[in-house]
Amino acid sequence: MPAPRHRTSPFRAILRIAKKELLASLRDRQTAIYTFVLPICLYPVIFWVAIQGALLFQGRREHTTVSIGLARAADAVIPEGLPAALAGPLPADPEGSGQPIRVIEVDVREEPATHAEAEAWALREGSSDADALDAVLFLAAGDEARAELFYDSTESRATVARARIEERLPPFAQSLRAQRAIELSVAPDRLDPIAIEMHDVAPSRDRGAVALSMMLPMLLVIMAVMGAFFPAVDLTAGEKERGTAETTMLLPVPRAAIHEGKILAVCATAVIACFLNLLAIGLSADHLLASLGSAIDFRIELPVTALLAVAPLALLFAFFVSAVLTGVAGLAASFKEGQAMLGPTQMLFILPAVAGIMPGLELSPAMAFVPVLNVVLAFKAMLVGKALYLEYALTAGALLAYALAAIAFAVRLLSRESVALSGKTLPLTNVLRLLRSGGAHR
Amino acid sequence: MDRPAAIEARGLEKVFHDPQRGDVRAVSGLDLLALEGEIYGLLGPNGAGKTTTLRILSTILAPTGGTARIAGVDVTRDPLEVRRRIGFLSSSTGLYPRLTARETLEYFGKLHGMPPEELRARVEELLDTFDIRPFEHGRCDGLSTGQKQRVSIARAVLHDPPVLILDEPTTGLDILASSAMIDFIHSRREAGTCVLFSTHILSEAERLCDRIGVIHAGRMLDVGTLDELRERTGRRWLEDVFKALVDSSRETSAIASAPGGARA
């Protein structure tokens, strides 16, 4: 008997299988709706979750110590009691212990003598690079009853500083006005009120970036999970239900190539879903925010550079998610049971993603090894332009390792006879036993 | 019998582990030899081990014991090479519902590594041979049972395999489709292909097979031409031949399992 004349390489086989599975997935109406349409409709729910998370962290913000530079014009005087009023308890709660505010008196001059002076000058001039001072309160000269607060709203500590000044400065200004009126023996309303102006030195684009950094990383994870969910079920449990699992097992290519091709197709769908969703955000966000009018003082532009930077990490993450979901869905015997199995599984990705947007949680070398959280925090840092190169590299390495481990897990699991040909759904608790079981052809 | 072996199994075994029932022996020490150009029928009742045997030979399942070679290639050592040399068809090998008939053939052809020109010519040939052309662009989930069967056969023979393994190929088909399948099996004999097919329909085996293997409880009870089986059992009709072999097997098992039976 003559040997077959033709061969196809495993790599080409993987690509062909992925192409066919992708085509089949896209031809399925349910997959298309749940993968591409539904995630877009879910944004309002996601925003609500993000707000709840931010409120949870509000308590933590209460204990943050902020540093405020107290500066004055050359001929201005710092009113007696102002530093104590800013650092002390709220007027409404005089018995309270107050919030941790450090007030640093600085002179603002063109040739600053100290670092704090330099930062105060820079903040007043519109720079947002301060690190020692979170905000600077500038008192205008002479008879001009005016105080100006300069801060960078893209820094969470600066927004805390602004909030605390807003709570304390107006009551102090009022008491100062009343005291002055008594000194002049006039009614307080005969005196000009002390004007308090807030100046956000962050460029409007940066402010938009901060807003994006609060939601986009989480959305990226959710989009990837939603994008992979239905194809993962369709190409595994769905295939068993349709009675084509044995047909696939007869393909003249290594079994590993078949499963890798499926994972590649699932990953491609996840990436396409992410791309379409980002495009939808980019096209609609600015328009939606503009419709809110002057209530919103920042712009949202899709940060192309940050997206390009995060793309390799997102791709590795998409492989990781796709492999885990495909492997788990392979335990189910029908599409419906596959959906039921992946419901709890997807929360393993979504919950850490929601946690990742909490203010104050930032990428560190240790965090770079926490799955899901690492990609969320890395993207968040990239969006606000932080140069954490070591952490980014560690995140990429960790994601690569997790993706490869997940692919190996899925391929091994799906290759078991007891999984591939099972007529009933296998419980998740059996995974370890199944992985150790024999009966698998190459 | 001077033709070379196309399918050769020795002491084939398959044990499944079932959490409730423990180890279940589906195939037990089965020997099988089918030659090039031969139509070999595997005859047995439901649950006899026919499907498991054919799944092992087609590399869907791995054996837990024994050896099997297809066109000289060991199913355990080189299952990929075995898959290149067989065409397999059963009620479990459905068509991909979202691909068209043409796309299905092209997909399998590409994965067999067929060059584009050769694949195109072969697909055109099969579309005509099996009269698929009128519905070649229709998605498989919209085809009738008979149309699906034609596409499945075309898929199985696309790469012109020297061995065809068919698991109860006429089950679920209407009279016309069954007749077409029987004609197809006949035609493969003329092409020199070895066809191994399982059935529990005795008339099919009688009509088509060069030799028949009777399988029961995972073991091969007897093998031979219909005349040889008739001679050995002293029965005329295949149905009676089959029953005689199964009854004889049960008696042997009962003796072997009786106290001291194994030494008898």
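Fair warning: this is a prediction, and the values are worked out from it, not measured in the lab.

### Overview of the nonpolar core
Consideration 1: By size, the foremost hydrophobic cluster in this structure holds 168 residues, and its most contacted members are Val 221, Ala 224, Phe 320 and Val 321 of chain A.
Consideration 2: Setting aside its immediate chain neighbours within four residues, Val 321 of chain A contacts Ala 224, Val 225, Ala 228, Ala 270 and Phe 349 of chain A.

### Some words on the confidence of the model for chain A
All names here are of chain A.
Consideration 1: Residues at a pLDDT of 70 or more form 76% of chain A, whose mean pLDDT is 80.
Consideration 2: Put simply, helix H3 (residues 43-62) is where chain A has its lowest mean pLDDT, 57, and helix H14 (residues 389-415) is where it has its highest, 95.
Consideration 3: Counting interchain partners and residues more than four positions distant, the pLDDT-below-50 stretch residues 292-296 has one contact.

### Comments concerning the packing of helix H11 (residues 304-329) of chain A against helix H12 (residues 335-356) of chain A
Residue and element names in this part refer to chain A.
Consideration 1: At their nearest, the axes of H11 and H12 sit 9 Å apart, and the two run at 150° to each other. Taken together, the axis directions place H11 and H12 in an arrangement best described as roughly antiparallel. Here H11 runs over H12; the crossing is right-handed. Residues Val 321, Leu 325, Val 328 and Ala 329 of H11 touch H12, and the partners they reach there are Gly 338, Met 341, Leu 342, Thr 345 and Phe 349.
Consideration 2: Partitioning the contact of H11 with H12 into residue classes produces seven nonpolar, two polar and no charged.

### As for the sheet that holds strand E2 (residues 22-35) of chain B
Residues and elements named next belong to chain B.
Consideration 1: Pairing is antiparallel across the open sheet formed by four strands, whose spatial order is E2-E1-E4-E5. Every interior strand has two partners, whereas the edge strands, E2 and strand E5 (73-74), have only one.
Consideration 2: By the bridge criterion, ten bridges tie strand E1 (residues 5-18) to E2 in an arrangement that is antiparallel. Opposite Asp 18, over in E2, you have Gly 22 as the bridge partner.
Consideration 3: Running at roughly 115° to E1, helix H1 (residues 50-57) makes contact with E1, E2 and strand E4 (65-70) of the sheet.

### Brief notes about the sheet that holds strand E9 (residues 211-216) of chain B
All names here are of chain B.
Consideration 1: An order of E6-E7-E8-E3-E9-E10 is seen for the six strands of this open sheet, with the pairing classed as mixed. The open sheet is flanked by strand E6 (86-89) and strand E10 (219-224), the only strands paired with a single partner. Strand after strand, the sheet turns through a mean of 15° between neighbouring axes, direction not considered.
Consideration 2: The pairing of E9 with E10 spans five bridges and is antiparallel. Note that in E10 the partner of Ile 215 across the bridge is Met 220.
Consideration 3: Sheet strands touched by helix H6 (residues 175-190): strand E3 (39-43), strand E7 (163-167) and strand E8 (194-199). Its angle to E8, the strand with the most contacts, is close to 150°.

### Digging into the interface of chain A and chain B
Consideration 1: Listed per partner, the contact involves 27 residues of chain A and 31 residues of chain B.
Consideration 2: At the level of secondary structure, the elements contributing two or more residues to the side of chain A that touches chain B comprise helix H1 (10-26) and helix H9 (245-249) of chain A.
Consideration 3: Element by element, the count of residues in the side of chain A that touches chain B is highest for H1 of chain A, at four residues.
Consideration 4: Across the side of chain A that touches chain B, the residue classes break down as eleven nonpolar, seven polar and nine charged.

About the criteria used
Residues numbered from 1 in each chain as written. Chains lettered and ligands numbered in written order. Predicted model: local features only at pLDDT ≥ 70, side-chain atom pairs only at ≥ 80, totals over all residues. Core = buried A, V, L, I, M, F, W, Y, C linked by C-beta atoms within 7 Å. Buried ≥ 20, exposed ≤ 12 C-beta atoms within 10 Å, placed from the backbone. Contact = placed C-beta atoms within 7 Å. pLDDT = per-residue confidence, 0-100. Helix = DSSP H or I, 4+ residues; strand = E, 2+ residues; numbered from the N terminus. Axes fitted to C-alpha atoms, helices over the stretch in contact; angles between N-to-C directions. Parallel < 35°, antiparallel > 145°, perpendicular 65-115°, else oblique. Left-handed = near helix turned anticlockwise from the far one by under 90°. Nonpolar A, V, L, I, M, F, W, Y, C, P; charged D, E, K, R; others polar. Pairing = 2+ DSSP bridges.

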